[in-house]
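These are the residues of each chain, in order.
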Number of protein chains: 2
Amino acid sequence: MEKNLLYKRRIVKHLYFGNMLSCADLSDKIHKSIPLTTKMLGKLMEEGMVTETGYAASTGGRRPVMYSLKQDIMYVVSVAMDQLVTQIAILDMQNRNVTDIELFELPLTKNPNAPAALAEKINEIITRSGIPKNKIAGVGIGMPGFVNSVKGINYTFLETDGYTISQYIAGKVKLPVFIDNDSRLIALAELKFGAARNKKNALVINVGWGVGLGMILEGELFRGHDGFAGEFSHIPLFLNNKLCSCGKSGCLETETSLLIVIEKASNGLKNGKLSMLKEKELSADHPEKAFQNIVTAASKGDKFAVEILSEAGYNIGRGVAILIHLLNPEAVILSGRGSSAGKIWQAPIQQALNEHCIPRLSVNTEIAVSVLGYNAELTGAAALVMENYEREEARPLIYENKPDVFI
Amino acid sequence: MEKNLLYKRRIVKHLYFGNMLSCADLSDKIHKSIPLTTKMLGKLMEEGMVTETGYAASTGGRRPVMYSLKQDIMYVVSVAMDQLVTQIAILDMQNRNVTDIELFELPLTKNPNAPAALAEKINEIITRSGIPKNKIAGVGIGMPGFVNSVKGINYTFLETDGYTISQYIAGKVKLPVFIDNDSRLIALAELKFGAARNKKNALVINVGWGVGLGMILEGELFRGHDGFAGEFSHIPLFLNNKLCSCGKSGCLETETSLLIVIEKASNGLKNGKLSMLKEKELSADHPEKAFQNIVTAASKGDKFAVEILSEAGYNIGRGVAILIHLLNPEAVILSGRGSSAGKIWQAPIQQALNEHCIPRLSVNTEIAVSVLGYNAELTGAAALVMENYEREEARPLIYENKPDVFI
DNA sequence: ATACTTTTCTAAAAAAATTAAAAACATATT
DNA sequence: AATATGTTTTTAATTTTTTTAGAAAAGTAT
């Protein structure tokens, strides 16, 4: 790639993540000198990508001119999948939805048609939005399973014979496609826009059906050798003989997943536990709703609901204690769909840390609840696209003349 | 620092780690162009630091000239401490001992005189070697405890009022001093010269009195936010109610440390277990020897000894299973003093992984035994000094005129 | 043996980083 | 209140570094 283009793309990328930055800030971030950065900013302004947005307050000397991306220069398609439901949105350079968030059912298990359905839906939404493809930086997809983001492969779901899922969707949509594990994208969102912003070492717990983990180590999203790092759900922590979905027993997930929480609540009610919760509110058919009902009851002070949630929180805390011993993070952030229960969980997790952590380690670790919450995964998917924006593959144009599916 | 000096130091550093490298290799490693690297190599040769060591075999084109460090241009003082015994050696640029390894007792617990004794001994050994201080790149020290390598602080041992232990020793010895946790230095040794060489993600288990861990993540030694990462010994894994030295119960260490292994062997014999081991061979006064005796017996096929070791190995394996789930490394290396039992432990660890790991994760992880073995910590201490060689503090000269202890 | 490829090495041209100086602002002093 | 001093950003001139192109020294295939 031409070098000037690379530098310009880096600047665009950092303006996306930083929103408003001075020339000095940018020079720092792209590791280039100020004169060169000035030159590139000039070109970007000529091209209409970037605008001056006035002066920032002085910090003791001359006030710096601030630069921002223009509103409508580029968009990202964000996709957040779980095993049953998929969400799609188109975000602008301020992470604002320019379309409504599209929500539709797309079961991933035993569904050979899933990749085709996904590609079709993405195309449909792009077409409907009326945004030309050359204004779309790419498609970012968060999905469950064993995902190798670099290779673009999902080893668990979305099988596409002969191609990786990234290649398949890219071929159909004719845009660059980037994928990663859902929990890792949530961590990326927290790193770039959330509670882990500017932190060098932070762990993001994704409380959902399972308990996911995304790790920020030395300022970077950590993926491990094959891209499988963060399998927190399945660390062998209990001797409870409960069989886990992974085939082993005693996994953390067997005591902490939302489904277990609902099951425990349901069983408790059957055994005559006193609670404002009603059995029909805990239907296994609508786990999302069932969980929300438990959280609502707990936040209203329902003792049984608090008890059930605390138990799960305490067990997550035992797992977090292990993480802290191993990785010595500065913060642990509770995020993902279950983070609505975050406030309730903070106490029992802290309790577990007090019991199971060497004090020197736990006192230096802040336990925080995400503010991104439900939207974290979509934000993370957009961030993934922009992370890769400076890479060769990120150029929409090269896809225009490619066949439907290419290698 | 002058820029040329920086580049030259980088080249020296990489020649230390790489032993023999071509100009193109070096250009790659120091991230500078070939013409500039050529120029710097020329200067280093003029100064007598570097020599050409003939041509390497061709890989399809013109043969590259290889460069090496001259033998006697520089040395490193390596110190490897445990809670009772300290080893000191002076190594040359090929990691060869130029003095015998000095071994002396230096208890760290309740010994306010330890820092002074250490400094004195280091000075004594340097003086005896006859090597001038300006030929010594620095002192590297591996020590147990909570060590922040960047700040040069040991929070557990070697208290020196008002100064960090690094500052204290540096002031007394008048050489730059670098410290780190013993397990992390072993990992560094394995990364630079051992079984983890050229690996990007590897975990190094230091089997000693406790079970230490050094992590290589994305090609770098990982230290965590406060420098306390790798507290593998104290992850809460058992519900055994055994009190650990750290004050908690159920730590991994309570089932796997060498002392526990010896105790179990001793108790077994008392209860009439059949073995070639004799009780007097397991004296708690000489744990090092006692452990070696168990290993010897096991390698001769003694069933009881194998059983005892396997049990510990299996429990370590349970911990390793957690590590693999979280960090997805490409290799796990058994190193440190207990690595003489490495071969015996490989089987039970693998067994634990088969039981407790998701297959996709464990099949991609190689379990290897160190070849550096007993010397790993000393090698790591030297590597630590040379890692920092390009940094400003690494210049011996600035220490010459400083007072005994400085800030 | 000769043509072609590959890699290293060297010299001239282009690019980028430093350095120095100027401009714009904040704070302290007279 | 006016002036001096210290910061920080911006611009211009100089130096450093990289890129590019080509020569030299090998290996490989015809």
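Residues numbered from 1 in each chain as written. Chains lettered and ligands numbered in written order. Predicted model: local features only at pLDDT ≥ 70, side-chain atom pairs only at ≥ 80, totals over all residues. Heavy atoms only, no water.

Focus on the packing of aromatic side chains
Residues and elements named next belong to chain A.
Inference 1: Counting across every chain of the model gives 12 aromatic pairs over all chains.
Inference 2: Note on phenylalanine 17 and phenylalanine 193: the rings are 5.8 Å apart at their centroids and 40° apart in plane angle, and the pair reads as tilted. Of this pair, phenylalanine 17 sits in helix α1 (residues 3-18) while phenylalanine 193 sits in helix α6 (residues 182-193); the two residues are 176 residues apart in sequence, bridging distant segments of the chain.
Inference 3: Taking the centre distance of 6.3 Å and the plane angle of 40° together, the rings of phenylalanine 291 and tryptophan 345 count as tilted. In this pair, phenylalanine 291 sits in helix α9 (residues 287-299) while tryptophan 345 sits in helix α11 (residues 342-356), placing the two residues 54 residues apart along the sequence. No difference in accessibility class separates phenylalanine 291 from tryptophan 345, as the two residues are buried. (Phe/Tyr/Trp six-rings, centres within 6.5 Å; stacked < 30°, edge-to-face > 60°. Helix = DSSP H or I, 4+ residues; strand = E, 2+ residues; numbered from the N terminus. Buried < 20%, exposed > 50% of the residue type's maximum accessible area, 1.4 Å probe, protein only.)

Thoughts on the packing of helix α4 (residues 114-129) of chain A against helix α5 (residues 165-173) of chain A
Residue and element names in this part refer to chain A.
Inference 1: Running from N to C, α4 and α5 point in directions that differ by 40°, and their axes come no closer than 9 Å. Overall, the two elements α4 and α5 adopt an arrangement that is oblique. Here the hand of the crossing between α4 and α5 comes out right-handed. Taking contact as the criterion, the partners of Pro115, Ala116, Leu118, Ala119, Ile122, Asn123 and Ile126 in α4 are, on α5, Ile165, Tyr168, Ile169, Lys172 and Val173.
Inference 2: When grouped by side-chain class, the residues that make up the contact of α4 with α5 number 10 nonpolar, one polar and one charged. (Axes fitted to C-alpha atoms, helices over the stretch in contact; angles between N-to-C directions. Parallel < 35°, antiparallel > 145°, perpendicular 65-115°, else oblique. Left-handed = near helix turned anticlockwise from the far one by under 90°. Contact = heavy atoms within 4.5 Å. Nonpolar A, V, L, I, M, F, W, Y, C, P; charged D, E, K, R; others polar.)

Observations concerning helix α10 (residues 303-327) of chain A
Residues and elements named next belong to chain A.
Inference 1: End to end, α10 covers 35 Å across 25 residues, agreeing with the expected 36 Å (1.5 Å per residue, within 8%).
Inference 2: Among the 25 residues of α10, 19 are classified as buried, and the element is accordingly described as predominantly covered.
Inference 3: Positive backbone phi, approximately 45°, marks asparagine 328, located one or two places after α10. (Expected span 1.5 Å × (residues − 1).)

Focus: the sheet that holds strand β14 (residues 331-335) of chain A
Residues and elements named next belong to chain A.
Inference 1: Spatially, five strands are ordered β13-β12-β11-β14-β15 in an open sheet, and the strand pairing comes out mixed. Strands at the two margins of the open sheet, each flanked by one partner only, are β13 (220-222) and β15 (366-369). Averaged over all neighbouring strand pairs, the angle between strand axes comes to 25°, with direction disregarded.
Inference 2: The sheet contact formed by strand β11 (residues 202-207) and strand β12 (residues 211-217) spans six bridges and is antiparallel. Paired with asparagine 206 across the two strands is glycine 212, which belongs to β12.
Inference 3: Where α11 meets the sheet, it contacts β11, β14 and β15, and its direction lies at approximately 165° from that of β15. (Pairing = 2+ DSSP bridges.)

A word on the pairing of strand β14 (residues 331-335) of chain B
Residue and element names in this part refer to chain B.
Inference 1: Summarising burial for β14: five of the five residues are buried, a large majority.
Inference 2: Side-chain alternation along β14 places Ala331, Ile333 and Ser335 on one buried face and Val332 and Leu334 on a second face that is also buried.
Inference 3: In the sheet, strand β11 (residues 202-207) pairs with β14 via five bridges, with the strands oriented parallel. The residue bridging asparagine 206 from the neighbouring strand is serine 335, located in β14.
Inference 4: With four bridges joining them, β14 and strand β15 (residues 366-369) adopt parallel strand pairing. For isoleucine 333, the partnering residue across the bridge sits in β15 and is alanine 368.

A few points about the sheet that holds strand β7 (residues 136-143) of chain A
Residue and element names in this part refer to chain A.
Inference 1: Ordered by their spatial adjacency, five strands build an open sheet running β6-β5-β4-β7-β10, and the pairing between neighbours is mixed. In this open sheet, the two edge strands, each paired with only one partner strand, are β6 (102-105) and β10 (177-181). Between one strand and the next, the sheet's axes are offset by a mean angle of 20°, whatever the strand orientation.
Inference 2: Bridging between strand β5 (residues 85-92) and β6 involves four bridges; their strand directions are antiparallel. Bridging across to β6, glutamine 87 finds its partner in leucine 103.

Quick word on empty space enclosed by the protein
All names here are of chain A.
Inference 1: All told, the structure shown has one cavity of 30 Å³ or more when counted by the stated rule.
Inference 2: Looking at the largest cavity, the residues that line it are Ile186, Gly336, Arg337, Gly373, Tyr374, Ala376 and Glu377.
Inference 3: Residue composition of the lining of the largest cavity, grouped by class: three nonpolar, two polar and two charged. (1 Å grid on protein atoms, 1.4 Å probe; cavity = no way out; pocket = protein on both sides within 12 Å on 5 of 7 lines; lining within 4 Å. Points joined across faces, edges and corners; volume = space filled by probe spheres on them.)

Description of the protein's contact with DNA strand C
Inference 1: Lining the immediate surroundings of DNA strand C are 23 residues, of which A:Ser33, A:Arg63, B:Gly61, B:Arg62 and B:Val65 lie closest.
Inference 2: Close to the protein, within 4 Å, the atoms of DNA strand C are drawn from sugar and phosphate at a rate of 73%.
Inference 3: B:Arg62 is positioned with one of its backbone polar atoms (N or O) 3.1 Å from a base oxygen of DNA strand C.
Inference 4: Here a phosphate oxygen of DNA strand C sits 2.9 Å away from a polar atom, N or O, in the main chain of B:Val65.
Inference 5: Where the surface near DNA strand C is concerned, the elements lending two or more residues are α1 and α3 (34-46) of chain A together with α3 (34-46) of chain B.
Inference 6: Looking at the surface near DNA strand C residue by residue, the class counts come to eight nonpolar, eight polar and seven charged. (Near = heavy atom within 4 Å. Polar contact = N/O pair within 3.5 Å; in protein donor to acceptor, adjacent residues only side chain to side chain.)

Examining the protein's contact with DNA strand D
Inference 1: Within the structure, DNA strand D sits among 24 residues, and A:Gly61, A:Val65, B:Tyr7, B:Ser33 and B:Arg63 are positioned closest to it.
Inference 2: One nitrogen or oxygen atom from the side chain of A:Lys3 is found 3.2 Å from a phosphate oxygen belonging to DNA strand D.
Inference 3: Within the side chain of B:Tyr7, one N or O atom sits 3.0 Å away from a phosphate oxygen of DNA strand D.
Inference 4: Within the residue set of the surface near DNA strand D, elements represented by two or more residues are α3 of chain A together with α1 (3-18) and α3 of chain B.
Inference 5: No other element matches α3(A), which puts three residues into the surface near DNA strand D.

Observations concerning the relation of the copies chain B and chain A
Inference 1: Here chain B sits on chain A after a turn of 180° about the axis and a move of 0.0 Å along it, with an RMSD of 0.1 Å. Seen this way, the second copy is the image of the first under a two-fold rotation axis. Of every C-alpha in chain B, the one belonging to B:Leu237 sits nearest the axis of rotation, 3.4 Å from it.
Inference 2: Counting the interface residues of chain B, we find that 100% of their copies in chain A are interface residues as well, pointing to one common contact surface. (Least-squares fit on C-alpha atoms with pLDDT ≥ 70 in both.)

Some words on the domain arrangement of chain A
Residues and elements named next belong to chain A.
Inference 1: By the assigned domains, chain A splits into domain 1 (3-69), domain 2 (75-185 + 378-399) and domain 3 (195-371).
Inference 2: The centre of domain 1, based on its C-alpha atoms, is set 29 Å off from the matching centre of domain 2.
Inference 3: At the junction of the two partners, domain 1 supplies 11 residues and domain 2 supplies 13 residues.
Inference 4: Buried surface at the junction of domain 1 and domain 2, summed over both partners, amounts to about 1200 Å²; 55% is from carbon and sulfur atoms.
Inference 5: On the domain 1 side of the interface with domain 2, the three residues burying the most area are Arg9, Lys13 and Tyr16, jointly 58% of the side's total.
Inference 6: Viewed at the interface, domain 2 and domain 1 are joined by three salt bridges.
Inference 7: At the junction of domain 1 and domain 2, the tally comes to six residue pairs in polar contact (both at pLDDT 80 or more). (Domains from an automatic or database assignment. Buried area = accessible area lost by both parts, 1.4 Å probe. Salt bridge = Lys/Arg side-chain N within 4 Å of Asp/Glu carboxyl O.)

Section: the environment of B:Glu281
Residues and elements named next belong to chain B.
Inference 1: Its location among the elements puts glutamate 281 in the loop between α8 (258-270) and α9 (287-299).
Inference 2: Residues glutamate 281 and glutamine 292, 11 residues apart in the sequence, show an inter-C-alpha distance of 9.4 Å.
Inference 3: With residues near it in sequence (within four places) discarded, glutamate 281 still touches Met276, Ala290 and Asn293.

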